[in-house]
Amino acid sequence: MRRFIYNQSENIGLPPGTVRETAASSRTVEITLTDYSLQHCHEKLVQHIEECLPFQQSPSVTWINLEGVNPSVIKSLNGHFQIHPLVSEDIMHSGQRPKMEVYDQYIFIVLKMIYFQDGTDEITDEQVSLILGPGYVMSFQEKPGDVFGPIRRRIREGKGRIRGEGADYLAYSLLDAIVDNYFLVLEKRGEDLERLEEGILDESGSGVLQDIHQFKKEIIYLRKQVWPLREVVSALQRSESSLITAPTQVYLRNVYDHTIQVIDSIESFRDMITGMHDIYLSSISNRLNEIMKMLTMFSAIFIPMTFLAGVYGMNFKYMPELNWRWGYFGVLGLMVGITVGMIMFFKNKKWL
Amino acid sequence: MRRFIYNQSENIGLPPGTVRETAASSRTVEITLTDYSLQHCHEKLVQHIEECLPFQQSPSVTWINLEGVNPSVIKSLNGHFQIHPLVSEDIMHSGQRPKMEVYDQYIFIVLKMIYFQDGTDEITDEQVSLILGPGYVMSFQEKPGDVFGPIRRRIREGKGRIRGEGADYLAYSLLDAIVDNYFLVLEKRGEDLERLEEGILDESGSGVLQDIHQFKKEIIYLRKQVWPLREVVSALQRSESSLITAPTQVYLRNVYDHTIQVIDSIESFRDMITGMHDIYLSSISNRLNEIMKMLTMFSAIFIPMTFLAGVYGMNFKYMPELNWRWGYFGVLGLMVGITVGMIMFFKNKKWL
Amino acid sequence: MRRFIYNQSENIGLPPGTVRETAASSRTVEITLTDYSLQHCHEKLVQHIEECLPFQQSPSVTWINLEGVNPSVIKSLNGHFQIHPLVSEDIMHSGQRPKMEVYDQYIFIVLKMIYFQDGTDEITDEQVSLILGPGYVMSFQEKPGDVFGPIRRRIREGKGRIRGEGADYLAYSLLDAIVDNYFLVLEKRGEDLERLEEGILDESGSGVLQDIHQFKKEIIYLRKQVWPLREVVSALQRSESSLITAPTQVYLRNVYDHTIQVIDSIESFRDMITGMHDIYLSSISNRLNEIMKMLTMFSAIFIPMTFLAGVYGMNFKYMPELNWRWGYFGVLGLMVGITVGMIMFFKNKKWL
Amino acid sequence: MRRFIYNQSENIGLPPGTVRETAASSRTVEITLTDYSLQHCHEKLVQHIEECLPFQQSPSVTWINLEGVNPSVIKSLNGHFQIHPLVSEDIMHSGQRPKMEVYDQYIFIVLKMIYFQDGTDEITDEQVSLILGPGYVMSFQEKPGDVFGPIRRRIREGKGRIRGEGADYLAYSLLDAIVDNYFLVLEKRGEDLERLEEGILDESGSGVLQDIHQFKKEIIYLRKQVWPLREVVSALQRSESSLITAPTQVYLRNVYDHTIQVIDSIESFRDMITGMHDIYLSSISNRLNEIMKMLTMFSAIFIPMTFLAGVYGMNFKYMPELNWRWGYFGVLGLMVGITVGMIMFFKNKKWL
Amino acid sequence: MRRFIYNQSENIGLPPGTVRETAASSRTVEITLTDYSLQHCHEKLVQHIEECLPFQQSPSVTWINLEGVNPSVIKSLNGHFQIHPLVSEDIMHSGQRPKMEVYDQYIFIVLKMIYFQDGTDEITDEQVSLILGPGYVMSFQEKPGDVFGPIRRRIREGKGRIRGEGADYLAYSLLDAIVDNYFLVLEKRGEDLERLEEGILDESGSGVLQDIHQFKKEIIYLRKQVWPLREVVSALQRSESSLITAPTQVYLRNVYDHTIQVIDSIESFRDMITGMHDIYLSSISNRLNEIMKMLTMFSAIFIPMTFLAGVYGMNFKYMPELNWRWGYFGVLGLMVGITVGMIMFFKNKKWL
């Protein structure tokens, strides 16, 4: 549950824009540089951020991808690319809300990528920051991973339009890859929801309540990620920054549509799970009531018979029936009659 | 339930605008060409999309209708009509959210048509895409069907104003036909709702809970289709594109009104079904409570009598009442008295 | 319930603007013409719509009121007054949502009038269409009725300002009369709600659940009528059409205030009925629980006594108590003691 | 509950702006005139409205306060001050929604003042109308009362800035006095809510449900008054009328803040009472369930023992146990064992 | 709960802008003056407010911090700094809603700081008012406290950018410190929520209901504080006042983001606690139902056996079974059979 609060308290009292040394500071950062144009494509693993500078200034598109966040690397970027200290701070601290900020020289985007922890069924998120400047894109991933692999391959192999387009198209592609991942997660959850619904109809499913609770929590979590994501993409698309060209805006509109679809699905899930919770409660209660009703009626049938047996178990001296020849069998017959009568009464009342 | 997620995951990692070969690819596509003006009307089944080109360039209105989607046909359209690759992609993949996009040369519209699967009671949807260009309309249906039959007939027979109007009026007519189908579905569902309500009052209806759940799911589904539909029609009506003339805008306002009516009805249904669920739960619980109360009172009447019988069934040596002449009958009388007294007590308390 | 769907399906497949012959077609239409200015007032029953034309062109205000809708009459109006075919269609088909449309030559308004079916307690609605042109107003009522009677009287007797004002003031007066009827209906319902609330507190009221359901349905229905009504009046008031003069706009603001009051009342009713439903459910359940608790405690008191009687009803040979002189009375005393003890225990626990 | 509908029906059919003779017509009206500037302050009770006219035309600020509404007085005001007939109508009929209307010569404001009926705990409201013209303010109170007393005193004693400011400042002061009264009512209700909450935790409180219902109704009522009040103050503050000077607008902003605070408090109350209702229902149900569980377990303990006693009460000839020397005491011991065992079982299951 | 109403009633009837003598009036106020620029930093404790004046007029940044509110001090500030009387009033009375007001010479900000009462777990709030003028900031704290300590230290030690920036940056820093405190409180509450959730799953947790109620109340309270806070920061950021420079606006955007994160967290908490309440109620009711079901089935098994024992306890003369050699054991066997049969029946029905 901790992930429902943005983690800010550790920064309290520090001047804004402070890039603090954290536990993660000593982690190594893998920096990949990709420089390409229609004619060439150059990829290399970079040791020091300074190696990227000449590429950045060239007219070709430069993509600097950092896996892992490390204060010292961020700081040196800070210097070379004239990044605002608040941006550096945001990149370093993973508890950000998705947002877009237009600065004079670049656009800064923070996003949450969501995916399933390898092999497990649990949704994890990872903060991805993008800086789109003139002719370059910097992307910062919290953890190593290959979500941008297909894009790198497309650049390398010259598939699609990406090699012929500018840095804004690259930023769009990265954005698109992140949004696409939401669909993967939602599709999996859609199947889970279907299974859960069957479990409810089954009437056997214990643990259903727990599952519903889990699902609801996840949806609260996803909504919290997706609504600001939508704002980000919308702001990008409507942005008047010269960094984003008109043709790319058509593609951003497409990403925006996808985001809306993600939101639509999540809202539908929310309505579905609420509905399922209601149905579950109703059916649980119906079923229990049915049992209680059956048992109560069962008791009710025996009550007058037991009473009758009690009556003839009394020890009064003068009880004429006790001496009748067929008294016993008469009482037995009476009991059968009571039973039949009560069952018929219940049937008649539609209680049975 | 799967239909609650837009199907996007299969495209992940592909460059945008990719028209992939899918299972549906080998399906044949039926292309119908209709070219008309006030003076003439020409209909033919087309083998290759190229045959349409001369008609498109003529001043008369050209309607190219494709039933079934096939990547290669879409691709060749792509080339001949300068369609943006993202549009081709959207036409091919049926998981789109209703939307309208204005491009320089044409307006692209994606809609969901809903109808009942033949003979069944289940709502199906089908994606219909429209491209409105200068002097031509292209319509793409996922599956063969005759929803546009009446319009074709009106063109052929010259009924109404359609022959004298331009391509925008044709697009409006197709839109109108699609929206009208919603009314058919809603009217059917309105009757179902009425029947469901009677079932609830009947108090017999098992399966009611299941029906309510189904209804609620359907309404979630319909809302998800209709709200973006409203946006599409509203955007079309307010569009300043030169492709849509002022007189047609009056007609589009009419379609917009219809869409609002559809939304109104769906929202009313939603409120109704929620209300019915509440009433159902209340009445189920009332009824059960009534039964339990009756049975409990029934037991309560027998409890003191059984106790009394127990008392006189004890085997103490010195129990004077046992030897009384009328002891037995006295006790029987006492029991009758208790019964009468308790029933009167219950009546007095208004429990009975 | 059928009234929750706008009735559109019968028009499907027809060209827009079609005025179809319906069952109602042969119904006679009563056309009343009222022509007035500050100096004169002329009323007559008109046989053919053509008789109205000379009045319409005169500078005085002309009010043409049609009771009953008849396609052929509408069609001839259509011709003489240059009414858009979509307007004719809307007038003919009673399933419209309240709306206002500004055309070049006139303003078209569709409204729902609501009232109680004579003598009954059921709310009915009737579609009223108004066309406000330069110097004339046409009003179309679905059924004969006298809702506009007071206005006609005011014109005839020259009461108030109506004779000195233009056609827009007449249109305002008709609108005002329709909105006023909502108050009548709401006041009646307010009293019903009060009675219903007393019924709930009474705790006797069976049928309360049914009443609440009915009330809720009615409120859903009324909201659906009133919200678009508000839009209509608001659009009229803010309209920049030259057909509506500045002084009349002050009066329209007044009608708008009334509409808001109607909405306020309906929303309050909605909150009230929801609250009452909650209270009803709570009190029903409280009451039943009270009964069950009482009965269960009643049983609980007898259980140990019956057990005790059972013990001394056993037939063991060696049960010393059975032979004691005061054994029987001792057991009876013990039973009284148990009863008293348990009642005190229950009182102590505040269960009684 | 009647106060949830604005009372309009009595006016139906009358021309707008009609000031009808009502039951209240013969009531006397107390007219107080206060004329002041920095130098002088003149107060008097006025018999005929005409006496006010010379004061109104003087450059000093004139405040005409009417307690009680009387059609003939309103009518004569109507004439002397050129008030729009709709305004006169609104002043006369107390069922108005708070609103502000800007006319050419004056601003018209209708408000609801709320307060506790003397000595009782019930909220009453009273309609207060204000007309702010150049150099004068007219205020209309439905009933006599001294809510404006402190302001009169401030004028008389020259306390604060009021004597040095214009008519707009006076109007602000009256508004402020009315809004302040809301705080008095809310504070009282806040205390009631606190007491109610304690009652819920007490678990003794019968009548709590009734109180909650009452509270909810009151909140529905208050919200209905306060939201339009906010609109009024907001419109006044943003108004560009020359009647309101810039320094007064700063004060109006203050009143606006107060109104927002009132709304905040009411919304908080609403959330609180909803929460309390939930908690109340949960705790009532928890408590009852606890009782039922206890009683059911109590019964369950006796059931096998009673059965055992029944077994040895059977009259079979050959029941060897009956003749055993310690049979009786063995059975008694067995019974004790069963009791202990079951209690331990319940404890183990955490049911006890 | 009293804190849910803004405390205004004590001012009723007083002229606006009155700074009343209250109980707190005699409390001493600690005034700290900090004057700094890039070159110097001067701190001192001030006895009389007049000592600050020369600093205020110097070009360096002057920060006057008042701990404790005292009418006479506020009044003298009032005179020296030309503060509007309404501002003085707002500073004095702690029941303000967070707001920002732009005056000609300064910006006035009221905020709520929230923190945990020392050592306890209870959230307290304190009103903090800021006045940002040209070259100076005045801050008013209700109670002594060290929330601004880190900022004072940063100024003193020249850490960060604060010494080189203007008064607007100082105001931003104070704002930031206040918003940061919200994170501290939320993080603590996040952990509490987690513990509460475990308590619910534990099924042992009594007092859970009380905790949930408490939590809900706190969230209502926090929302009421945070939403206006957001408005304040947003208005500040978008403000066009010359008092706020462009670089500071970037920092204010950062504070705004934090505020949104706070709101996000609170809204998530709200959804979470609602979900947990639902789950709690469901699981409580499930658990109780399980117990009742078990006990009822337990009773149901004994009912026919007890009846059987009753039958053979009857004293009829002619009951052949009584004389059978194995009658007793046969009945015992029958009883075992009934028990086994019923258990199997229950298992079969999946009731067990």
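Residues numbered from 1 in each chain as written. Chains lettered and ligands numbered in written order. Predicted model: local features only at pLDDT ≥ 70, side-chain atom pairs only at ≥ 80, totals over all residues.

## Quick notes on the overall build of chain A
The line we're drawing: Elements are defined by DSSP. Helices are runs of H or I of four residues or more, strands are runs of E of two residues or more, and each kind is numbered from the N terminus. What the globule rule says is 2.2 Å times the number of residues to the power 0.38, and the radius of gyration is computed from C-alpha atoms. Every C-beta atom is placed from the backbone, and the number of other C-beta atoms within 10 Å of a residue's own sets its class: buried at 20 or more, exposed at 12 or fewer, partly exposed in between. Our contact criterion uses C-beta atoms placed from the backbone: two residues qualify when those atoms are within 7 Å.
Counting its regular elements, chain A contains 9 helices and 7 strands. In terms of C-alpha radius of gyration, chain A reaches 35 Å, well past the compact-globule figure of 20 Å for 352 residues. The principal-axis extents of the C-alpha atoms in chain A amount to approximately 120 × 45 × 35 Å. When each of the 352 residues of chain A is scored for burial, the buried share is 39%. Put simply, 68% of the contacts in chain A that link residues at least 6 apart link residues at least 24 apart.

## Details of the relation of the copies chain A and chain B
What counts, and what does not: The copies were overlaid by least squares, fitting only the C-alpha atoms of residues that reach a pLDDT of 70 or more in each copy.
Mapping chain A onto chain B calls for a screw motion: a turn of 72° about the axis and a shift of 0.1 Å along it, with 0.1 Å RMSD after fitting. These values place the two chain copies in the arrangement generated by a five-fold rotation axis. Measuring from the rotation axis to each C-alpha of chain A, the shortest distance belongs to G313 of chain A, at 4.6 Å. Looking at chain A, a mere 9% of its interface residues are interface residues in chain B too, so the copies touch through different faces.

## Let's talk about the nonpolar core
Inclusion rule: For this analysis, nonpolar core means a set of buried Ala, Val, Leu, Ile, Met, Phe, Trp, Tyr and Cys residues linked through C-beta atoms within 7 Å.
By size, the foremost hydrophobic cluster in this structure holds 82 residues, and its most contacted members are Y312 of chain A, Y312 of chain B, Y312 of chain C, Y312 of chain D together with Y312 of chain E. In this structure, I114, L193, I219 and V232 of chain E belong to the second largest nonpolar core, which totals 73 residues.

## Examining the sheet that holds strand β2 (residues 41-46) of chain E
Residues and elements named next belong to chain E. Threshold: Here, strands pair whenever DSSP counts at least two bridges between them. The axes are straight lines fitted to the C-alpha atoms, using for helices just the contacting stretch, and the angles between their N-to-C directions are given from 0 to 180°.
The strand order across the open sheet formed by 7 strands is β2-β1-β3-β7-β6-β5-β4, and the pairing between neighbours is mixed. Each having just a single partner strand, β2 and β4 (99-102) make up the two edges of the open sheet. Averaged over all pairs of adjacent strands, the angle between strand axes in this sheet comes to 15°, irrespective of strand direction. Of the pairings in the sheet, the one linking β4 to strand β5 (residues 107-116) comprises 4 bridges and is antiparallel in character. Across the sheet, the residue bridging to K99 is V110, located in β5.

## Looking at the interface of chain E and chain A
With 54 residues of chain E in contact, the opposing surface of chain A contributes 42 residues. Looking at the side of chain E that touches chain A, the elements that each hand over two or more residues are α4 (149-157), α5 (167-202) and α7 (246-311) of chain E. In terms of residue count, the dominant contributor to the side of chain E that touches chain A is α7 of chain E (30 residues).

## Observations regarding the interface of chain A and chain B
Where the parts come together, the accessible area they lose is often given as the size of the interface. Using the following cut-off: Throughout this entry, Asp, Glu, Lys and Arg are counted as charged residues, while Ala, Val, Leu, Ile, Met, Phe, Trp, Tyr, Cys and Pro are counted as nonpolar. The remaining residues, Gly among them, count as polar.
Each partner contributes to the interface: chain A provides 54 residues, whereas chain B provides 42 residues. At 30 residues, the largest contribution of residues to the side of chain A that touches chain B is made by helix α7 (residues 246-311) of chain A. Across the side of chain A that touches chain B, the residue classes break down as 23 nonpolar, 18 polar and 13 charged.

## Concerning the domain arrangement of chain A
Quick note on the threshold: Those domain boundaries reflect an automatic or database domain assignment.
For chain A, the assigned domains are domain 1 (2-282) and domain 2 (293-348). Distance between the C-alpha centres of domain 1 of chain A and domain 2 of chain A: 77 Å.

## What to know about helix α9 (residues 327-348) of chain A
Residue and element names in this part refer to chain A. Put simply, the rule reads: Any helix carries an expected span of 1.5 Å times its number of residues minus one. Of all possible arcs, the one meant is that of the directions from the helix axis to the C-beta atoms.
Taking 1.5 Å per residue, 22 residues should reach 32 Å; α9 reaches 31 Å between its end C-alpha atoms and fits that length. Those residues of α9 that fall on the buried side of the exposure criterion are G327, Y328 and V331. For α9, the buried positions fall inside an angular range of 105° around the axis, keeping them on one side. The outward face of α9, more than 90 degrees from its buried face, is lined by the exposed residues G333, V336, G337, V340, M344, K347 and N348. Tucked into the core, α9 has its buried residues touching α7 and α8 (320-323). Trailing α9 by a residue or two, K350 shows a phi angle of about 60°, which is positive.

## Section: the environment of E218 of chain A
Inspection of the secondary structure assignment puts E218 of chain A in helix α6 (residues 208-238). Note: C-alpha distance between E218 of chain A and E122 of chain A (96 residues apart in sequence) is 9.5 Å.

## A look at the packing of helix α7 (residues 246-311) of chain D against helix α6 (residues 208-238) of chain E
Defined as follows: Put simply, angles under 35 degrees are roughly parallel, angles over 145 are roughly antiparallel, angles from 65 to 115 are roughly perpendicular, and the rest are oblique.
Where α7 of chain D meets α6 of chain E, the axes come as close as 10 Å, and the angle between the chain directions of the two elements is 170°. Relative to α6 of chain E, the element α7 of chain D is oriented roughly antiparallel. Residues D264, S268, D271, M272, G275, I279, S282 and S283 of chain D of α7 of chain D pack against L209, H213, K216, K217, I220 and K224 of chain E of α6 of chain E. Partitioning the contact of α7 of chain D with α6 of chain E into residue classes produces 4 nonpolar, 5 polar and 5 charged.

## Some points on unusual backbone geometry
If a residue is not glycine, its phi is most likely negative; likewise, a peptide bond is most likely trans. In the Ramachandran plot, Q82 of chain A falls in the positive-phi region, its phi being about 55° despite a non-glycine side chain. Its location among the elements puts Q82 of chain A in the loop between α2 (71-81) and α3 (85-92).

## A look at the relation of the copies chain E and chain A
Superposing chain E onto chain A takes a rotation of 72° plus a shift of 0.0 Å along the axis, which leaves an RMSD of 0.1 Å. Take the interface residues of chain E: only 9% of them recur as interface residues in chain A, which is what a contact between different surfaces looks like.

## Observations concerning the sheet that holds strand β6 (residues 123-133) of chain C
All names here are of chain C. The 7 strands lie next to each other as β2-β1-β3-β7-β6-β5-β4, forming an open sheet whose pairing is mixed. Edge positions in the open sheet fall to β2 (41-46) and β4 (99-102), since each of these has one partner strand only. Each adjacent strand pair in this sheet contributes to an overall mean axis angle of 15°, direction not counted.

## Observations regarding the packing of α7 of chain D against α7 of chain E
Heads up, the condition is: Take the far helix as the reference: if the near one is turned anticlockwise from it by less than a right angle, the crossing is left-handed, and if turned clockwise, right-handed.
Two elements in contact, α7 of chain D and α7 of chain E, have axes separated by 9 Å at closest approach and are oriented at 20°. With respect to α7 of chain E, the axis of α7 of chain D lies roughly parallel. Judged by the twist between their axes, the crossing of α7 of chain D over α7 of chain E is left-handed.

## Structural notes on the pairing of strand β5 (residues 107-116) of chain D
Residues and elements named next belong to chain D. The buried count for β5 comes to 8 of 10 residues, which makes it a mostly enclosed element. Between strand β4 (residues 99-102) and β5, which follow one another and run antiparallel, lie 4 residues. Note that β5 and strand β6 (residues 123-133) share 10 bridges and pair antiparallel. Note on β6: the bridge partner recorded for I109 is L130.

## Remarks on the environment of V73 of chain D
Residue and element names in this part refer to chain D. Within the element layout of this structure, V73 appears in helix α2 (residues 71-81). On the basis of neighbour counts, which here come to 18 C-beta atoms within 10 Å, the residue V73 falls in the partly exposed class. A sequence separation of 25 residues divides V73 from H48, and the C-alpha atoms of the two residues are 8.4 Å apart. Sequence-distant contacts of V73, that is, excluding residues within four places in its chain, are made with V29, I49 and L66.

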